[in-house]
Amino acid sequence: VVVVNGWNDLKYFPDLSVENTYRDIVRPRATDWRLEPAGLDSLLCLSSIYRAVRTRLIWTVFGAEGRKLRALDRTVRDEGLRQYESNLQAICDFGRQHGIRVVLCKQARLPTRALPEELRGRTTYGWIGLDHARLVSAFERLDSIIDQVAGRNGCAVIDMSSRFSGEGDVFKDHIHFTPAGSEAVAAFLAERLRPMLAR
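Residues numbered from 1 in each chain as written. Predicted model: local features only at pLDDT ≥ 70, side-chain atom pairs only at ≥ 80, totals over all residues. Heavy atoms only, no water.

Enquirer: Help me understand the overall build of the chain, please; the structure alone is not making it clear to me.
Expert: When you go through the chain residue by residue, the secondary structure sums to nine helices and three strands. Counted from the first residue to the last, the chain has its helices and strands arranged as β-α-α-α-α-α-β-α-α-β-α-α. In terms of principal-axis extent, the alpha carbons of the chain reach across some 50 × 45 × 40 Å. Split into buried and exposed, the 199 residues of the chain put 41% on the buried side. Within the chain, counting contacts between residues at least 6 apart in sequence, those at least 24 apart form 77% of the total. Carbon and sulfur atoms form 55% of the exposed surface of the chain, whose accessible area is close to 11500 Å². The distance from the centre of the 29 positive side-chain charges to the centre of the 25 negative ones in the chain is 3 Å. (Helix = DSSP H or I, 4+ residues; strand = E, 2+ residues; numbered from the N terminus. Buried < 20%, exposed > 50% of the residue type's maximum accessible area, 1.4 Å probe, protein only. Contact = heavy atoms within 4.5 Å. Areas by Shrake-Rupley, 256 points an atom, 1.4 Å probe, with all protein chains shown as cover. Lys, Arg positive; Asp, Glu negative; His and termini not counted. Charge placed at Lys NZ, Arg CZ, Asp CG, Glu CD.)

In structure tokens form, the structure reads like this:
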């Protein structure tokens, strides 16, 4: 099992606290009408024009990340980082109990400390509510947690971050790859996974 996560976790960290738990913030939904149209909406989605207008409307109202933009005044709380560590530990525990090898990856991302200003515009910081410095710091803390959890559990770590983070030709935005970036990342992962699969 190859675990690559970070950005989607960070979105919740500023809201977590002892009183406001992960369960309170992230409530599972049976369906999300934005992703799974139903009824008449589903029928109308057969039209490419309708679907394009629908998507644009959803992005305008909810933002591309499924929510409106936030002010850049949030901070990552320790409770969020502890939750991230707990999640990774649970994955490692599950893997060990079921004979599954777990590989933890440090997520590649565009924002880095040395990222030029002209590339910073690709990241919509309001989706996560963290300014550039806080976002970079938060990712660095996640990388540190990955090392700690992997060390305790004997998991392999693939460091996608040190290889790709900050490379403008790899990313179309904060975390999503360009077509060329997808190919480069896939080749990088395959090269590192191949010897693990041979064992």
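Enquirer: What is the right way to look at the environment of Val 170 in this model?
Expert: Looking at where Val 170 falls in the secondary structure, it is placed in the loop between helix 8 (160-164) and helix 9 (179-198). A relative accessible area of 4% places Val 170 in the buried class. Distance from Val 170 to Leu 40, taken between C-alpha atoms, is 39 Å for residues 130 residues apart in sequence. If we skip the residues at most four places from it in the chain, Val 170 touches Phe 164, His 176, Phe 177, Thr 178, Gly 181 and Val 185.

Enquirer: Please clarify how the packing of helix 5 (residues 78-97) against helix 7 (residues 132-153) should be interpreted in this entry.
Expert: Their axes nearest at 10 Å, the elements helix 5 and helix 7 cross at an angle of 30 degrees. Where helix 5 crosses over helix 7, the two elements pack in a sense that is right-handed. Contacts between helix 5 and helix 7 pair Asp 78, Leu 81, Tyr 84, Glu 85, Leu 88, Gln 89, Cys 92, Asp 93 and Arg 96 from the former with Arg 141, Leu 142, Ile 145, Ile 146, Gln 148, Val 149, Arg 152 and Asn 153 from the latter. The class makeup of the residues in the contact of helix 5 with helix 7 is eight nonpolar, three polar and six charged. (Axes fitted to C-alpha atoms, helices over the stretch in contact; angles between N-to-C directions. Left-handed = near helix turned anticlockwise from the far one by under 90°. Nonpolar A, V, L, I, M, F, W, Y, C, P; charged D, E, K, R; others polar.)

Enquirer: Is there a simple way to think about the sheet that holds strand 3 (residues 156-159) in this case?
Expert: Backbone-to-backbone hydrogen bonds pair the strands of a sheet. The strands run either parallel or antiparallel. Within the open sheet, the three strands sit side by side as 1-2-3. Their pairing is parallel. Sheet topology places strand 1 (2-4) and strand 3 at the edges, where each strand pairs with a single neighbour. Each neighbouring strand pair of the sheet contributes to a mean axis angle of 25 degrees, computed without reference to strand direction. Direction of pairing for strand 1 relative to strand 2 (residues 103-106): parallel, over a ladder of three bridges. (Pairing = 2+ DSSP bridges.)

Enquirer: Looking at this model, I keep getting lost on the state of the cysteines. Mind explaining?
Expert: Where two cysteines share a covalent bond between their sulfur atoms, that bond is called a disulfide. Using the criterion set out here, one finds zero disulfides in the structure. Residue Cys 92 stays outside any disulfide, its sulfur separated by 3.4 Å from that of Cys 155, the closest cysteine. (Disulfide = S-S within 2.5 Å.)

Enquirer: Looking at this model, I keep getting lost on the pairing of strand 2. Mind explaining?
Expert: Each regular strand shows side chains that alternate between the opposite faces of the sheet. The alternating pattern of strand 2 places Val 103 and Cys 105 on one face and Leu 104 and Lys 106 on the opposite face, and all of these are buried. The sheet contact formed by strand 2 and strand 3 spans four bridges and is parallel. Bridged to Leu 104 within strand 3 is Val 157.

These values are about where atoms sit, not about what they do.
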